[in-house]
Amino acid sequence: MFYNCYSLEELDLSTFTILSKDSAIVTTTGMLNLGTTSKILKLKTPKTVGTAIQLTAKEGLYLDNGSNDLYSGTTYTTPIAASGAYISAGVTYVRRAFFPANWSTQLYNKYSLSFSSIKSIYFTHGTDSNFTYRGNWLPNIDVWTTSSGAVNFVISGECYAPKDCSELFVSSYLQSIDFYYSENFNTSYTTNMHSMFSDLTGFATSGCSLDVSMFNTSKVTNMSYMFYGFKGAGINCSGFTTTSVTNVRYMFAECSNIKTLNLSTFRLTQISSTDNVYRMLYSCSGIKSLTSPYCPVAIDLPSTMYYYNVSLRKYARASTIPASTQGREYLLNNPDVSASFIPT
């Protein structure tokens, strides 16, 4: 019935009722033989399946279990990607990709791409003529590379990040990482981002910034050392939800090239001890402007800075962000003081 419909992105059969007497209709010609190149993203199965209906192509589909956790223990739900898998009635299957925590080792073992040779990482749904196809790496993830050290992970469907992302991209060689959209690297099930982007000193060479504003961090509890030693021009984490976070020690420490940092969306309501915010902004020597987060305990500023004191109606000096304040702008230089005349 849908033989070789390889361009289909969505197929809704939820109104179909397949009775047992119809077995010849669905099995003889392969009702769901969508073709070996099928990239269907969503399949809603018939409400009644009285006979076995097989997927006759490698669809790479996973059962959509709604609001349930995608994990079973430490691994993701089992796919039904194999050719010949039988579908269930009245359910939805979606195309998913799962990025592994040991990705660099897996990539090396399959394509001999050493971590030190990777300068740029992209997560996309397509590529261009600058990249060379290296092959299918994991279900729904193809690898494309350039001779200059760029790796493009081309995703079919939605790509889920590991539950534990600690030290996931730690590398002194990396000079840029681009996620683009949340569905390219879905972090909605991630709980640990400890040192996820630590020691990215190569960003100093490229001068690139890191945009992770699209990350879903609602389940993350540990952000300690997350950007420690990052040497890029800036970090955009303005979309973070931090109401589950209990540890931000050294989170931005040694990020010496960052000029501005906006943490106004941070609500660190689960922080109860200064030990868990210890040196969060330590040695961020390049910061000229900082917008503060909400935190029940005080946070040390990277240096003495100035903020506008409403009651005094002038800028005042500060070395810490007071507890339970949010969205206060701190400046390195006092705007009330004009530049001094220096004779030549």
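These numbers come from a predicted model, not from an experiment. (Residues numbered from 1 in each chain as written. Predicted model: local features only at pLDDT ≥ 70, side-chain atom pairs only at ≥ 80, totals over all residues. Heavy atoms only, no water.)

1. A closer look at the pattern of salt bridges
Selection criterion: Salt-bridge detection follows one rule: a side-chain nitrogen of Lys or Arg within 4 Å of a carboxyl oxygen of Asp or Glu. Strands are runs of DSSP state E lasting at least two residues, helices are runs of H or I lasting at least four, and both sets are numbered from the N terminus onward. Here's how the labels work: a residue is buried when its accessible area is under 20% of the maximum for its type, exposed when over 50%, partly exposed in between, all with a 1.4 Å probe on protein chains only.
In the structure shown here, the tally under the stated rule is one salt bridge. Put simply, Asp275 and Arg249 hold a salt bridge, and the shortest N to O gap is 2.9 Å. Residue Asp275 is located in the loop between strand E19 (260-262) and strand E20 (289-291), and its partner Arg249 is located in the loop between strand E18 (235-236) and E19; the two are separated by 26 residues in the primary sequence. The exposure class assigned to Asp275 is partly exposed, which follows from its relative accessible area of 44%.

2. Considering the packing of aromatic side chains
Two measures describe an aromatic ring pair: the distance that separates the ring centres and the angle between the ring planes. Quick reminder of the rule: To pair, rings of Phe, Tyr and Trp, with the six-membered ring standing in for Trp, must have centres within 6.5 Å; the planes then decide the type, stacked if under 30 degrees apart, edge-to-face if over 60, and tilted in the middle.
Taken as a whole, this structure holds 36 aromatic pairs when the rule is applied. Ring geometry for Trp103 and Phe153: centres 6.1 Å apart, planes at 90°, overall edge-to-face. Taken together, the residues span a long stretch of sequence, with Trp103 in helix H2 (residues 103-111) and Phe153 in strand E14 (residues 150-155) at a distance of 50 residues. Since its relative accessible area comes to 1%, Trp103 is described here as buried. Residue class for Phe153 comes out buried when judged on its relative accessible area of 0%. Judged by centre distance (5.9 Å) and plane angle (10°), the ring pair of Phe240 and Phe266 falls under stacked. Of this pair, Phe240 sits in the loop between E18 and E19 while Phe266 sits in the loop between E19 and E20, and the two are 26 residues apart along the sequence. The class of Phe266 is buried, set by a relative accessible area of 0%.

3. Some details on the environment of Ser88
We apply this condition: Only heavy atoms matter for contacts: two residues are in contact if any of them lie within 4.5 Å across the pair.
Mapped onto the secondary structure, Ser88 falls in the loop between strand E9 (85-86) and strand E10 (92-98). Among the residues examined, Ser88 registers a relative accessible area of 37% and is labelled partly exposed. Taking the C-alpha atoms as reference, Ser88 lies 7.1 Å from Thr45; in sequence the two are 43 residues apart. Excluding anything up to four places from it in sequence, Ser88 contacts Thr45 and Tyr93.

By themselves, these figures tell us nothing about what the structure is for.
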